[in-house]
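Each chain, written out:
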Amino acid sequence: MKYADEFRDREKAQVLIREIDKLAASIRVGRTRPIQIMEVCGGHTHSIFRYGLEGMLPESIELVHGPGCPVCVLPMGRVDDCISIAEREGVIFTTFGDAMRVPGSKKSLLQAKATGADVRMVYSPMDALTIARKNPDREVVFFGLGFETTMPSTALTVLQAEAEGIRNFSVFCNHITIVPTIKAILDSPDLHLDGFLGPGHVSMVIGTAPYEFIAEFYKRPMVVAGFEPLDVLQSIWMVLQQISQGRAEIENQYARIVPTAGNAAALAAVTRVYELREFFEWRGLGSIDHSGVRLREAYAAYDAERKFAIPNLKIADPKSCQCGEVLKGIIKPWQCKVFGTACTPEVPLGALMVSTEGACSAYYQYGGIKRQKTMVPA
Amino acid sequence: MNMQSPPPKRELGQCFVATVTLAHGGGGKAMKDLIDDVFISAFAPGAPQALEDQARFDLGALASHGDRLAFTTDSFVVNPLFFPGGDIGKLAVCGTINDLAVGGAKPLYLSCAVVIEEGMEVETLRTIARSMAQTAHAAGVSIVTGDTKVVERGACDKIFITTTGIGVIPRGCELGIERIAPGDGILVNGLLGDHGAAILCARGDMALETAIESDCAALHGLIADLLHAAPNTRCIRDATRGGLATVLNEMAEASNCSIEIDEAAIPQRPEVRGFCEILGLDPLYLANEGKIVMAVPPDEIEAALAALRAHPLGRDAALIGHAGAGEAGRVTMQTVFGGRRIVDMLVGEQLPRIC
Ligand code: SF4
């Protein structure tokens, strides 16, 4: 913990905040819009709210909380598919904890568990494989979820199952990839983002090269950032420096963890096991080309989608849901018509209200302070 | 341990089988033997007597302790039954004692009702009953009546225990959550989150090795010391399920005050912080079983802290924040990092994050 405390030093924070203030003031000259910086990753959103960072920043900087919470962007139809698998006779359905509460069109996994489905929380796909080993007469399905961060461990588990000849294990693959999604956001016409904080954990696996197009074609700066509050502040400062100097580059603030080339072994496992899907449906953002992966034909025996006939129904996001606009930074969470009324963490209507990493849920639970400060009285 | 009416002594039955079956819930000899062997021998050793259907109290004796009766009940379910720092029996006794004590009452008598799942080992039951007896004895409280039911496998999870407690509130003691006023200090008696973290670790599916022990303890002694030193203490709450954050929200809401706490002042084991960090849990919401949150008027804060720290269960007591005149019902926290955030009620259960 000593290590972590180093990155939570109040005094260092004050120094950075002063620098950020200065930079923001100079950039602000002649601009009418605030400086919008998107943190792509839900882990950053969490840190920002957990430590109250938004309130420390000058008013001219607006943080836009991006799509990087894998639990949030899972479409309802996929949750329904999970439940239809989980409710089958003989199936043990294993999942990360925070996916349990995501609402499907009728219920969540938590509710399915309450009504008798054997749904178990695990901390890694290897735990799910252990359950499969111990229950040879049951079908154990692991709910593969997350960006490039969790993709390798699922891939390695599939390879392990194959090596051991375990036949009663499969993966319901909902892994998604971040890069096409950033691109989709950059392509949207009503976008005003000035820069990005890049996802630290994802980059640990894929390195920093896949982001180059952001600087090259879209001329936006990105700083791959760590998750401690000082990391986040320093990265914001680095983005501002680029803006003020008219640069657009991919920089790596998180070099203590993120190698520029990524992790070769993890990438090899990923390429061996998965192939890109033509498109994948995101809650709030719609269908994005090449944004999801599935198991290759060679691993069909471990693919729950092939093993079980799943309904695979597309369920549209509710009409009143404005998650897409929040994700792109066009409106703030509390400006959504249903925020805090029809959509709350207890009964989430939209994706961003689901997990604590979702922007709306974070505002609902932690936020408020800055909002009250900046809201114009009606 | 004194039962109320004088003995005709009787022979205690014994249970010779290893596991509990539905026969033990049938009301016949098997049930009587189980109750005698497991519960009566633990709760009232040496003084077995004819069992009545109720415990009887002398009102005069009760009234010697104060002028109001405090009465509370709580059910306990915990998985696993045994965990570092305690077990379900100790939990059931301490929990109800604490519910009485935070109202200022001197805890006196407990009842104990158990629902047992068939197939439970009798030896495990004995261990739990002994633990209840020891905890009650150490706390100076008697378990005076009880009930036992056995249900089919699957109808409950091993054992559920309900304890009901009676205590007496001394004259002049007026604790109440609505009495909190701006300026009051918010105090805790020690390290937060140990119980929640210990239970999560003990479930074993975290694959995390830690030495965190539950803080499960009876706090009436500590509370008596506190009230002696700081007689105008406004209110005391135990920070069980929902943790510190939940109690603070209840306090702010009921008193129409705002509350601001300082994250850096919250006493916490580094292991618990690390544990939360890894699992993406918020330590403010972790359960405690031996921690209280107090609101104390400004001129008594020093005395309260000194009294708490002089007691073994309050060694790490700290002033963590203040009630204020800000937005009523709002709890905020100055983060260790210098930012400020809202501390809200928890929605549902905390579920570990994925990455
Ligand atoms: S309030 Fe709900 S519906 Fe609106 S943007 Fe947020 S999550 Fe989506």
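Residues numbered from 1 in each chain as written. Chains lettered and ligands numbered in written order. Predicted model: local features only at pLDDT ≥ 70, side-chain atom pairs only at ≥ 80, totals over all residues. Heavy atoms only, no water.

J.: Honestly, the sheet that holds strand 7 (residues 195-198) of chain A in this entry has me stumped. Any pointers?
T.: The strands that make up a sheet pair up through hydrogen bonds in the backbone, lying either parallel or antiparallel. Residues and elements named next belong to chain A. Ordered in space as 2-1-7-8-9, the five strands form an open sheet in which the pairing is parallel. The sheet terminates laterally at strand 2 (61-68) and strand 9 (250-252), the two strands that pair on one side only. Pairs of neighbouring strands in the sheet enclose a mean axial angle of 20°, with direction left out of account. Inspection of the sheet shows strand 1 (residues 35-41) paired to strand 2 by six bridges, in the parallel sense. Along strand 2, the bridge assignment pairs Cys41 with Gly68. Along the sheet face, helix 3 (residues 42-50) touches strand 1, strand 2 and strand 7 and points at about 120° away from the line of strand 1. (Pairing = 2+ DSSP bridges. Helix = DSSP H or I, 4+ residues; strand = E, 2+ residues; numbered from the N terminus. Axes fitted to C-alpha atoms, helices over the stretch in contact; angles between N-to-C directions. Contact = heavy atoms within 4.5 Å.)

J.: Sorry, what's going on with helix 4 (residues 76-86) of chain A here?
T.: Each α-helix turn comprises 3.6 residues. Residues three or four places apart therefore point the same way. Buried residues dominate helix 4 of chain A, accounting for ten of its eleven residues. Residues of helix 4 of chain A that are buried: A:Met76, A:Gly77, A:Arg78, A:Val79, A:Asp80, A:Asp81, A:Cys82, A:Ile83, A:Ile85 and A:Ala86. (Buried < 20%, exposed > 50% of the residue type's maximum accessible area, 1.4 Å probe, protein only.)

J.: What am I meant to see in the pattern of salt bridges here?
T.: Two side chains carrying opposite charge are able to pair once their charged atoms lie near each other. Inspection of every chain in the model, using the stated rule, returns 37 salt bridges over all chains. Among the salt bridges present, the one from A:Arg277 reaches A:Glu305, with a minimum N-O distance of 3.0 Å. Taken together, the positions of A:Arg277 in the loop between strand 10 (274-276) and strand 11 (279-282) and A:Glu305 in helix 13 (residues 304-307) put the pair 28 residues apart, joining distant regions of the chain. With its nearest N and O atoms 3.6 Å apart, the salt bridge here joins A:Lys314 to A:Glu281. Of this pair, A:Lys314 sits in the loop between helix 13 and helix 14 (323-327) while A:Glu281 sits in strand 11, and the two are 33 residues apart along the sequence. Since its relative accessible area comes to 21%, A:Glu281 is described here as partly exposed. Several salt bridges share partner residues, and in doing so they unite B:Asp37, B:Glu123, B:Arg126 and B:Arg130 into one network. (Salt bridge = Lys/Arg side-chain N within 4 Å of Asp/Glu carboxyl O.)

J.: Even after reading the chapter, I still don't get the sheet that holds strand 6 (residues 159-169) of chain B, so can you show me in this structure?
T.: Residues and elements named next belong to chain B. Read from one edge to the other, the open sheet built from four strands follows the order 1-6-4-5, with strand pairing classed as mixed. In this open sheet, the two strands that pair with only one neighbour each are strand 1 (68-76) and strand 5 (142-151). Averaged over neighbouring strand pairs, the angle between their axes works out to 15° when direction is ignored. Bridge count for strand 4 (residues 106-117) against strand 5 is nine bridges, and the pairing is parallel. Within strand 5, the position partnered with Ile116 by the bridge is Val150. Where helix 1 (residues 29-43) meets the sheet, it contacts strand 4 and strand 5, and its direction lies at approximately 150° from that of strand 5.

Function cannot be read off these values alone, since they describe shape.
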